[in-house]
Amino acid sequence: MTATLMDGVAVSKSIRAQWKERADVLKLQGLTPGLAVVLVGDNAASQVYVRNKVKACGEMGLHSELHQFPANVSEQVVLARIAELNASPKIHGILVQLPLPPQIDNTRVLEAISVEKDADGFHLYNLGALVTGGTVFPPCTPYGVMALLDYYRIPIEGCNAVVIGRSNIVGKPMALMLLARSATVSICTSKTRDLRQYTSIADILVVATGKPKMVTGAMIKPGAVVVDVGINRMPDGKLAGDVDFDSAKEKASYITPVPGGVGPMTITMLLANTVQAAERFAAKSLNMRKDQSGTGREAAALQK
Ligand code: NDP
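Keep in mind it's a predicted model, so treat the numbers as computed, not measured.

Rules of the game
- Residues numbered from 1 in each chain as written.
- Predicted model: local features only at pLDDT ≥ 70, side-chain atom pairs only at ≥ 80, totals over all residues.
- Heavy atoms only, no water.
- Helix = DSSP H or I, 4+ residues; strand = E, 2+ residues; numbered from the N terminus.
- Polar contact = N/O pair within 3.5 Å; in protein donor to acceptor, adjacent residues only side chain to side chain.
- Salt bridge = Lys/Arg side-chain N within 4 Å of Asp/Glu carboxyl O.
- Buried < 20%, exposed > 50% of the residue type's maximum accessible area, 1.4 Å probe, protein only.
- Near = heavy atom within 4 Å.
- Areas by Shrake-Rupley, 256 points an atom, 1.4 Å probe, with all protein chains shown as cover.
- Nonpolar A, V, L, I, M, F, W, Y, C, P; charged D, E, K, R; others polar.
- Contact = heavy atoms within 4.5 Å.
- Phe/Tyr/Trp six-rings, centres within 6.5 Å; stacked < 30°, edge-to-face > 60°.
- Lys NZ or Arg CZ within 6 Å of the ring centre and 35° of its normal.
- Axes fitted to C-alpha atoms, helices over the stretch in contact; angles between N-to-C directions.
- Parallel < 35°, antiparallel > 145°, perpendicular 65-115°, else oblique.
- Left-handed = near helix turned anticlockwise from the far one by under 90°.
- Pairing = 2+ DSSP bridges.
- Core = buried A, V, L, I, M, F, W, Y, C linked by side-chain atoms within 4.5 Å.

Visitor: Help me understand the environment of Lys 251 in this model?
Guide: With respect to the helices and strands, Lys 251 occurs in the loop between helix H9 (245-248) and strand E11 (254-255). Measuring from C-alpha to C-alpha, the distance between Lys 251 and Ser 88 comes to 50 Å, with 163 residues separating the pair along the chain. A distance of 3.0 Å separates a polar atom in the side chain of Lys 251 from the backbone oxygen of Gly 217. Among the polar contacts made by the side chain of Lys 251, one reaches the main-chain carbonyl oxygen of Ile 220 at a distance of 3.1 Å.

This is the structure:
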């Protein structure tokens, strides 16, 4: 069997077109959705990710701002900038590119972002709300994986889903989202005793370990849907995923390539979250105006 490719570039194009229409509606009302990206230091990979995100905003006609700081910046300076961005009416989504340098506390910075502007979905509230199903913004990478599965009409309910990796930004939210769709979910980590015991029963296998090509075709159930979140720079300069694509594609029914699979979907869902944040902002402003005119009418009636 040779697997069908889950093409993140093509799916992104289609999803971005839908969100662009929604952004255009807002722009007709005088509101351009805006994303602020905060970048600290000169990590080469982070700079590439940030550049791609800013470029994608431009392509969709969104406003974007890059707020860049040197690696030795203090936490207070970053927090002060986030407070300004929280208050800015031009900004509806705020993203802090991780990792941050050691003098800055990741959690404090992520929690300083207003929940309504947390376009990356990493705020403790948004992550915690995944447990109860009440998220404001789902984290972009697992959200992108779900969108990809849905685009290819992969049945999720009742299937065995295995997620390898338990990071707060990929593995754990991924597992919760699959669980919310009634998959039977297992989470594997570096401490899992017999990884193959899990991978071999997975109808859907999501791999997010940062270990290049660690999942091979021999570990996969025939016909499985394999989603490779990993992005690893190999010694020859090429990118590779956490799945050995060549052997896995012979066993899987569907598989994501690296690059061109989950990566573009992550950026797409960031744009989606930003537009949605702007829509909520517009709806809230409208309600406030209605409330104010209602209060005004009540006050006028009382004066009569
Ligand atoms: P982390 O390093 O935070 O987490 C890696 C996880 O993998 C850990 O839970 C770790 O287990 C587990 N793990 C490591 N080795 C093994 C192993 N041999 N067997 C089983 N589990 C293992 O990584 P992230 O979640 O942040 O990222 C994972 C990958 O996804 C990276 O390649 C990253 O670049 C990529 N990524 C891609 C994105 C995209 O848009 N496509 C977005 C974000 C990340 P333990 O907890 O026990 O240490």
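Don't stop here, the text continues.
Visitor: It is not clear to me how the pattern of salt bridges should be interpreted in this structure. Could you clarify?
Guide: Pairing is possible between side chains of opposite charge, provided their charged atoms come close. One pass over the full model with this rule turns up 9 salt bridges. Lys 221 is the salt-bridge partner of Asp 203, the closest N and O atoms lying 2.6 Å from each other. Placement of Asp 203 in the loop between helix H8 (195-199) and strand E7 (204-207) and of Lys 221 in the loop between E7 and strand E8 (225-228) is noted, with a sequence separation of 18 residues between them. Overall, Asp 203 belongs to the partly exposed group, its relative accessible area being 24%.

Visitor: Where do I start with the site of the ligand in this structure?
Guide: Residues in close proximity to the ligand total 21 residues, the closest being Arg 166, Ser 167, Thr 189, Ser 190 and Thr 266. Interatomic distance of 2.6 Å between a side-chain N/O atom of Ser 167 and an oxygen atom of the ligand. Measuring from an oxygen atom of the ligand, one finds a side-chain N or O atom of Thr 266 at 2.8 Å. For the ligand, whose accessible area on its own is 920 Å², the fraction buried by protein is 71%. For the shell around the ligand, the leading source of residues is helix H10 (residues 262-303), giving 3 residues. Each residue belonging to the shell around the ligand can be placed in one class, and the counts come to 8 nonpolar, 11 polar and 2 charged.

Visitor: Quick question: what am I supposed to make of the environment of Gly 8 here?
Guide: In this fold, Gly 8 is placed in helix H1 (residues 8-28). Relative accessible area serves as the criterion here: at 0%, Gly 8 is assigned to the buried category. Spatially, the C-alpha atom of Gly 8 lies 7.4 Å from that of Gly 263, the residues being 255 residues apart in sequence. Beyond its immediate chain neighbours, meaning those up to four positions away, Gly 8 contacts Leu 148, Gly 260, Gly 261, Pro 264 and Met 265.

Visitor: How should the packing of aromatic side chains be read in this particular structure?
Guide: Note on aromatic pairs: each is described by the distance of the centres and the angle between the planes. Under the criterion given, the structure shown has 2 aromatic pairs. Ring geometry for Tyr 151 versus Tyr 152: centroids 5.3 Å apart, planes at 65 degrees, classification edge-to-face. A ring pair is formed by Tyr 152 and Tyr 254, whose centres lie 6.0 Å apart and whose planes are at 55 degrees; its orientation type is tilted. Taken together, the positions of Tyr 152 in the loop between helix H6 (140-151) and strand E5 (160-164) and Tyr 254 in strand E11 put the pair 102 residues apart, joining distant regions of the chain. Using a relative accessible area of 24% as the deciding quantity, one classes Tyr 254 as partly exposed. Among the aromatic residues, those joined into a cluster by ring pairs are Tyr 151, Tyr 152 and Tyr 254. In this structure, Arg 22 is placed above the aromatic ring of Trp 19, and the distance from its NZ or CZ to the ring centre is 4.0 Å. One cation-aromatic arrangement involves Arg 280 over Phe 137; the distance from NZ or CZ to the ring centre is 4.9 Å.

Visitor: For this particular structure, what's the right way to read the packing of H6 against helix H7 (residues 171-180)?
Guide: Geometry of a packed helix pair, given as the angle between the helix axes and the separation of the axes. Between H6 and H7, the shortest axis-to-axis distance is 9 Å and the interhelical angle comes to 40 degrees. Relative to H7, the element H6 is oriented oblique. When you trace H6 past H7, the crossing you get is right-handed. On H7, the residues touching Pro 142, Tyr 143, Val 145, Met 146 and Leu 149 of H6 are Pro 173, Met 174, Met 177 and Leu 178.

Visitor: What is the right way to read the sheet that holds E11 from this model?
Guide: In a beta sheet, neighbouring strands pair by backbone hydrogen bonds and run either parallel or antiparallel. Taken in spatial order, the 6 strands of this open sheet run E1-E11-E8-E7-E5-E6, and their pairing is parallel. Of all the strands in the sheet, just strand E1 (4-5) and strand E6 (184-188) have a single pairing partner and so form its edges. Relative to E5, H7 is tilted by about 170 degrees, and along the sheet it contacts E5, E6 and E7.

Visitor: I'm lost on the nonpolar core in this one. Help?
Guide: As a rule of thumb, nonpolar side chains are buried together in soluble globular proteins. Core analysis: the biggest nonpolar cluster contains 52 residues, and Leu 149, Leu 178, Ile 204, Val 206, Val 227 and Val 229 have the highest contact counts within it. Here this core takes 10 residues from H10, the largest share from any one element. Excluding residues that lie within four positions of it along the chain, Ile 204 makes contacts with Leu 149, Ile 154, Pro 155, Ile 156, Cys 159, Asn 160, Ala 161, Val 162 and Val 225.

Visitor: Whenever I open this one, the pairing of E8 confuses me. Can you help?
Guide: Regular strands have side chains that alternate between both faces of the sheet. Here E8 shows a buried face lined by Val 225 and Val 227 and a second buried face lined by Val 226 and Asp 228. Taken together, the 2 bridges between E8 and E11 define a ladder with parallel strand orientation. Within E11, the residue paired with Val 225 across the bridge is Tyr 254.

Visitor: What should I look at first to understand the packing of H1 against helix H2 (residues 44-60) in this one?
Guide: Following both chains from N to C, one finds H1 and H2 inclined at 60 degrees, their axes separated by 10 Å at the closest point. When the axes of H1 and H2 are compared, the pair comes out oblique. In this structure, H1 uses Arg 16, Trp 19 and Lys 20 to contact H2, whose residues at the interface are Ala 56, Glu 59 and Met 60. Among the residues forming the contact of H1 with H2, the class breakdown is 3 nonpolar, no polar and 3 charged.

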